[in-house]
Amino acid sequence: MNIIEWGYTEDLEHYRREQGLMGFGVGRVTAEHKERYIVMTDGGEVQAEVTGNLRFSARNREDFPAVGDWVALIAAGEEQALIHKVLPRTAALTRQAVGQHGEVQLIAANIDYAFLVQALDRDFNLNRLDRYLTLCYAARVSPVIVLTKADLCGENHCHEVRERLQQRHPEVPFLVMSAVSGEGLEELRQRIEAGKTYCLLGSSGAGKSTLLNHLAGGEYMHTRTLSESTNKGRHTTTHRELVLLKGGGLIIDNPGMREVGITDGGGGLEATFDRILDLARQCRYADCTHTRENGCAVLHALEQGEIDADAWDNYLRLERERAHFETEAGEKKRREKLMGKVIKDYYKKDFKRRRGDG
Ligand SMILES: Nc1nc2c(ncn2[C@@H]2O[C@H](COP(=O)(O)OP(=O)(O)OP(=O)(O)O)[C@@H](O)[C@H]2O)c(=O)[nH]1
Ligand SMILES: [Mg+2]
Ligand SMILES: [Zn+2]
């Protein structure tokens, strides 16, 4: 095994040398199972856990390793290791952690491209696509839209979807494919470069694992087999996993996402809606709410059909969501800081008491 095949770069080597980490092993996290990690190294796969030190110095979930991360390792027996440090990430795809207010979940690290997978049947949804694009741009990950199951959709519907997509996001590359007819598979294959890392994002059942199996030329991931009587899926992907393709690309399969909450501290919304926001900036009023002001450039563009009303509504919705998340994350940080202080004060008092200064 050669870690360069797994995407190891000169920058990482440089960092290790500068930080005095050459005495440690190095590897890439390919899977995570409840704080146990599978890490690919030059010597093959090892199982790893984080060191106590990393655990204690971690301030939040993002400080722990994620699939795609490069890590410095300490050998700990046969095919076992401890993760000493997470090396700097070039990109960290995040979303709102489901059911935890103000918490960020790290989806995957060091991603170059994200395939945003939507099936051409009922799954296709422009508003949800806006969310995925926001995640990508916030993390500096290049998006490619992949529309699957072309075999299930008629010529007219397919045409309509393309039109709507090109109107909303003319700058984002997309391709149409079918795992059944083979349409688009070659185009997809050609998009994949050796040494680059790709990530499959989309709803459950969109066809992500099927697509990966076609690219990898084998049954890597279990795909959903629909049980006929209930129409409920089995074998849906439950773990993230990084796979090295024969042609040299690296690809991470993800479990389907039901909620795609945006966190966006990185200008993701601005990039996703840049055409609309360019217009908004041209508005003559600096503090315009673009809702009822006379002579507002946005309202005018909406009237003229230069801005799509659905896109504008979705932008406003996502902007509210972003602001709300920011507030929650801020409150969470304050609470944690306070807790940290309470604990510190307690130990200080305890220390004084034991020393006998009351
Ligand atoms: N007709 C048709 N069916 C497809 C195509 N691609 C995938 N499927 C079927 O769609 C179902 C779901 O596919 P998966 O690849 O498991 O979907 P997934 O996105 O990995 O789903 P999760 O792992 O739950 O996130 C399976 O029954 C596939 O056989 C396609 O191009 N055409
Ligand atoms: Mg899957
Ligand atoms: Zn305005």
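Here the structure is a predicted model, which is why all the values come from computation and not from measurement.

Engineer: I'm lost on the overall build of the protein in this one. Help?
Structural biologist: Each helix and strand in the protein was counted, giving 10 helices and 15 strands. Each principal axis of the C-alpha distribution contributes one length, and for the protein these read about 75 × 55 × 50 Å.

Engineer: How should the environment of Phe 115 be read in this particular structure?
Structural biologist: Relative to the helices and strands, Phe 115 resides in strand S8 (residues 113–119). Sequence separation between Phe 115 and Gly 202 is 87 residues; the distance between their C-alpha atoms is 8.4 Å. Discounting residues that sit within four places of it in the chain, Phe 115 has contacts with Val 144, Val 146, Tyr 198, Leu 200 and Leu 201.

Engineer: I would appreciate a short explanation of unusual backbone geometry in the present structure.
Structural biologist: Negative phi values dominate among residues other than glycine, just as trans dominates among peptide bonds. Phi is positive for Glu 79, which is not a glycine, with a value near 50 degrees. Its 13 C-beta neighbours within 10 Å are what place Glu 79 among the partly exposed residues.

Engineer: Any chance you could explain helix H3 (residues 126–138) here in plain terms?
Structural biologist: Since the α-helix packs 3.6 residues into each turn, any two residues three or four apart lie on the same face. The end-to-end C-alpha distance of H3 is 18 Å, a good match for the 18 Å that 13 residues give at a rise of 1.5 Å each. The buried count for H3 comes to 10 of 13 residues, which makes it a mostly enclosed element. Those residues of H3 not exposed but buried are Leu 129, Asp 130, Arg 131, Tyr 132, Leu 133, Thr 134, Leu 135, Cys 136, Tyr 137 and Ala 138. Residue Arg 140 follows H3 closely and has a positive phi angle near 60 degrees.

Engineer: For this particular structure, what's the right way to read the pairing of strand S1 (residues 25–33)?
Structural biologist: Within a regular beta strand, the side chains point alternately toward one face of the sheet and then the other, so they alternate between its two faces. Taken together, the 4 bridges between S1 and strand S4 (residues 70–75) define a ladder with antiparallel strand orientation. Residue Gly 27 lies in a different strand from S4, and its bridge partner there is Val 71. In this structure, S1 lies alongside strand S2 (residues 36–41), joined through 6 bridges in antiparallel fashion. Considered in S2, the bridge of His 33 is made with Arg 36.

Engineer: Even after reading the chapter, I still don't get the nonpolar core, so can you show me in this structure?
Structural biologist: Where a protein is soluble and globular, its nonpolar side chains tend to be buried together. Counting 74 residues, the largest nonpolar core has Leu 93 and Ala 114 as the members making the most contacts within it. The element best represented in this core is H3, accounting for 7 residues. The two domains that each donate at least three residues to this core are domain 1 (10–86) and domain 2 (92–253). When residues no more than four places from it in sequence are discounted, the contact partners of Ala 114 are Leu 93, Cys 136, Val 141, Pro 143, Cys 199 and Leu 201.

Engineer: What is the right way to read the environment of Asn 254 from this model?
Structural biologist: Relative to the helices and strands, Asn 254 is located in the loop between strand S15 (250–253) and helix H7 (268–272). Assessed through the 21 C-beta atoms surrounding it within 10 Å, Asn 254 is described here as buried. For the pair formed by Asn 254 and Arg 240, sequence separation is 14 residues and the distance between their alpha carbons is 4.7 Å.

Engineer: What exactly am I supposed to notice about the domain arrangement of the protein here?
Structural biologist: Per the domain assignment, the segments making up the protein are domain 1 (10–86) and domain 2 (92–253). A separation of 28 Å is found between the C-alpha centroids of domain 1 and domain 2. Contacts between the two partners involve 11 residues from domain 1 and, on the opposite side, 15 residues from domain 2. Ranked by residues supplied to the side of domain 1 that touches domain 2, first place goes to S1 with 4 residues. Per-class residue counts for the side of domain 1 that touches domain 2 are 4 nonpolar, 3 polar and 4 charged.

Engineer: Can you walk me through the pairing of S15 in this structure?
Structural biologist: Covered by surrounding structure in S15 are Leu 250 and Ile 252 together with Ile 251 and Asp 253, the residues of both alternating faces. Of the strand pairs in this sheet, strand S14 (residues 241–244) and S15 are connected by 4 bridges, and their pairing is antiparallel. Counterpart to Val 243 in the pairing with S15 is Ile 251. Joining the antiparallel neighbours S14 and S15 is a turn of 5 residues, in which Gly 248 adopts a positive phi near 115 degrees.

Engineer: Sorry if this is basic, but what is going on with the confidence of the model for the protein here?
Structural biologist: Note: predicted coordinates in regions of low pLDDT should not be interpreted at a detailed level. Here the protein averages 88 in pLDDT, while 92% of its residues score no lower than 70. Taken as a whole, residues 226–232 scores under 50 in pLDDT and shows 4 contacts with residues more than four places along the chain or in a different chain.

Engineer: What exactly am I supposed to notice about the environment of Gly 202 here?
Structural biologist: As for its placement among the helices and strands, Gly 202 is situated in strand S11 (residues 197–202). Once you skip the residues sitting within four places of it in the chain, Gly 202 turns out to touch Leu 116, Val 117, Gln 118, Lys 208 and Gly 256.

Cut-off values and rules
Residues numbered from 1 in each chain as written. Chains lettered and ligands numbered in written order. Predicted model: local features only at pLDDT ≥ 70, side-chain atom pairs only at ≥ 80, totals over all residues. Helix = DSSP H or I, 4+ residues; strand = E, 2+ residues; numbered from the N terminus. Contact = placed C-beta atoms within 7 Å. Buried ≥ 20, exposed ≤ 12 C-beta atoms within 10 Å, placed from the backbone. Expected span 1.5 Å × (residues − 1). Pairing = 2+ DSSP bridges. Core = buried A, V, L, I, M, F, W, Y, C linked by C-beta atoms within 7 Å. Domains from an automatic or database assignment. Nonpolar A, V, L, I, M, F, W, Y, C, P; charged D, E, K, R; others polar. pLDDT = per-residue confidence, 0-100.

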